[in-house]
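Geometric and topological summary
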There are 2 protein chains.
Amino acid sequence: MRAELINPFMRSLQKTFTTMLNCPVRRTSLTVKEDCRACHEVSGVIGLTGKAVGAVVLSLSREVALKAASTLLCTEMSEINDDVLDAVGELTNMVAGGAKAELEEFQLAVSLPNVITGKQHEVHFPSNVTPISIHFTCDWGDLSLEVGLALLPSMEGISAPREQLLGQST
Amino acid sequence: MRAELINPFMRSLQKTFTTMLNCPVRRTSLTVKEDCRACHEVSGVIGLTGKAVGAVVLSLSREVALKAASTLLCTEMSEINDDVLDAVGELTNMVAGGAKAELEEFQLAVSLPNVITGKQHEVHFPSNVTPISIHFTCDWGDLSLEVGLALLPSMEGISAPREQLLGQST
């Protein structure tokens, strides 16, 4: 996957957490994912189609999922229930939607979010796609964002917005 | 979700297992899913976009995943490794692709497959979508297919192909 495609997703995550949740996130590390394991207990997955196809996975620790849902729903949530899962799905949708708007040359469409739970769950991408994982932390705990996209052949020569790859400050 | 939309997915699964794996499947039960739990250990998830949005989840028992991968790869697989996960992703892709071809009025596009592993994993749909789950069995073991689709408002009045809902013989 071309690394510069990750920046719009990263910016969208940062903006979503800042504006919707009033909880800025800080980037802690970036990996070209090899072990293909969702990093946390609750993962929102959204498929992407268009001139690139793939998926975005927003993986939240239990604490981040509960606090984010509590903030979105204006109600204290203390267990992972359907409302919390819907909130995580909606957060994933916001992140994907924000990135989609920046990547208009790829004419992306987003599917509905599926939310995966289970302490031992892993979310794998096809082995011909190398997803990029970015790890973040915030006052509520840890989270990660993973994006895997494959360009249609007609888009191979198209540049994403010119910027230093993944070099923006957090 | 409109029940008649499930038929193309069911037919596609049956055709894929018969023609690609030489392993016919038999339908055992159908549920309008309420507990939102993936039924088996390995689940392929593909997002769908177009005039309907949603996802399809193909959930396989460990035994079915291993046997299906062994057949597709012409190599005996005895553990869930990347090759097996890719094979499950490709099976999910075939099922989604076959259904997409039948549902051309919805102009569906499919994302890349993500494959979820973990004995305790659950795959949830948004609570405003009621996915339909169909359970199957075959000589290798059990599997299930789950489809959740939401129509765009412009498609609410469009009929899917006329047929008895879910009434086809297995």
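I will try to describe carefully the structure that is included in this document. It should be emphasised that the depicted structure is a prediction, and the values quoted were computed from it without experimental measurement.

The next thing to look at is the overall build of chain A. Scanning chain A for helices and strands turns up 3 helices and 8 strands. Scanning chain A from its N terminus toward the C terminus, one meets helices and strands in the order α-β-β-β-α-α-β-β-β-β-β. Within chain A, the fraction of its 170 residues that count as buried is 56%. If you take every contact in chain A between residues at least 6 apart in sequence, the share linking residues at least 24 apart comes to 75%. Surface accessibility of chain A: about 7,100 Å² in total, with carbon and sulfur atoms responsible for 48%.

Our focus in this paragraph is helix α2 (residues 62-73) of chain B. All names here are of chain B. Along its 12 residues, α2 runs 16 Å from first to last C-alpha, staying within 8% of the 16 Å computed at 1.5 Å per residue. Among the residues of α2, Val64, Ala65, Leu66, Ala68, Ala69 and Ser70 are the ones counted as buried. The positive-phi residue at the C-terminal boundary of α2 is cysteine 74, with phi of around 55°.

Turning next to the relation of the copies chain B and chain A. Under the fitted operation, chain B is carried onto chain A by 0.0 Å of movement along the axis and a turn of 180°, and the coordinates agree to an RMSD of 0.0 Å. Taken together, the rotation and translation describe the operation of a two-fold axis. Among all residues of chain B, the minimum C-alpha distance to the rotation axis is found for glycine 47 of chain B, at 2.2 Å. Both copies contact each other with a shared surface, as 100% of the interface residues of chain B are interface residues in chain A too.

This brings us to the interface of chain B and chain A. Size of an interface: often given as the accessible area lost when the parts come together. With 29 residues of chain B at the interface, the matching set in chain A holds 29 residues. Both sides together, the interface formed by chain B and chain A hides about 2,300 Å², and carbon and sulfur atoms give 59% of it. At the boundary of chain B with chain A, the tally comes to 0 salt bridges. Linking chain B with chain A are 11 residue pairs in polar contact (both at pLDDT 80 or more), by the criterion used here. Judged from the 3 bridges that link them, strand β6 (residues 122-124) of chain A and strand β5 (residues 114-117) of chain B form a sheet pairing that is antiparallel. Each bridged residue has a counterpart across the sheet, and for valine 123 of chain A the counterpart in β5 of chain B is isoleucine 116 of chain B.

It is worth spelling out helix α1 (residues 6-19) of chain A at this point. Residues spaced three or four apart along an α-helix point in a common direction, a consequence of the helix completing one turn every 3.6 residues. All names here are of chain A. The end-to-end C-alpha distance of α1, which contains 14 residues, comes to 20 Å, matching closely the 20 Å that a straight helix rising 1.5 Å per residue would cover. Across the 14 residues of α1, 10 count as buried, placing the element largely inside the fold. Looking only at α1, the buried set comprises Ile6, Asn7, Pro8, Phe9, Met10, Ser12, Leu13, Gln14, Thr16 and Phe17.

The rules behind the values
Residues numbered from 1 in each chain as written. Chains lettered and ligands numbered in written order. Predicted model: local features only at pLDDT ≥ 70, side-chain atom pairs only at ≥ 80, totals over all residues. Heavy atoms only, no water. Helix = DSSP H or I, 4+ residues; strand = E, 2+ residues; numbered from the N terminus. Buried < 20%, exposed > 50% of the residue type's maximum accessible area, 1.4 Å probe, protein only. Contact = heavy atoms within 4.5 Å. Areas by Shrake-Rupley, 256 points an atom, 1.4 Å probe, with all protein chains shown as cover. Expected span 1.5 Å × (residues − 1). Least-squares fit on C-alpha atoms with pLDDT ≥ 70 in both. Buried area = accessible area lost by both parts, 1.4 Å probe. Salt bridge = Lys/Arg side-chain N within 4 Å of Asp/Glu carboxyl O. Polar contact = N/O pair within 3.5 Å; in protein donor to acceptor, adjacent residues only side chain to side chain. Pairing = 2+ DSSP bridges.

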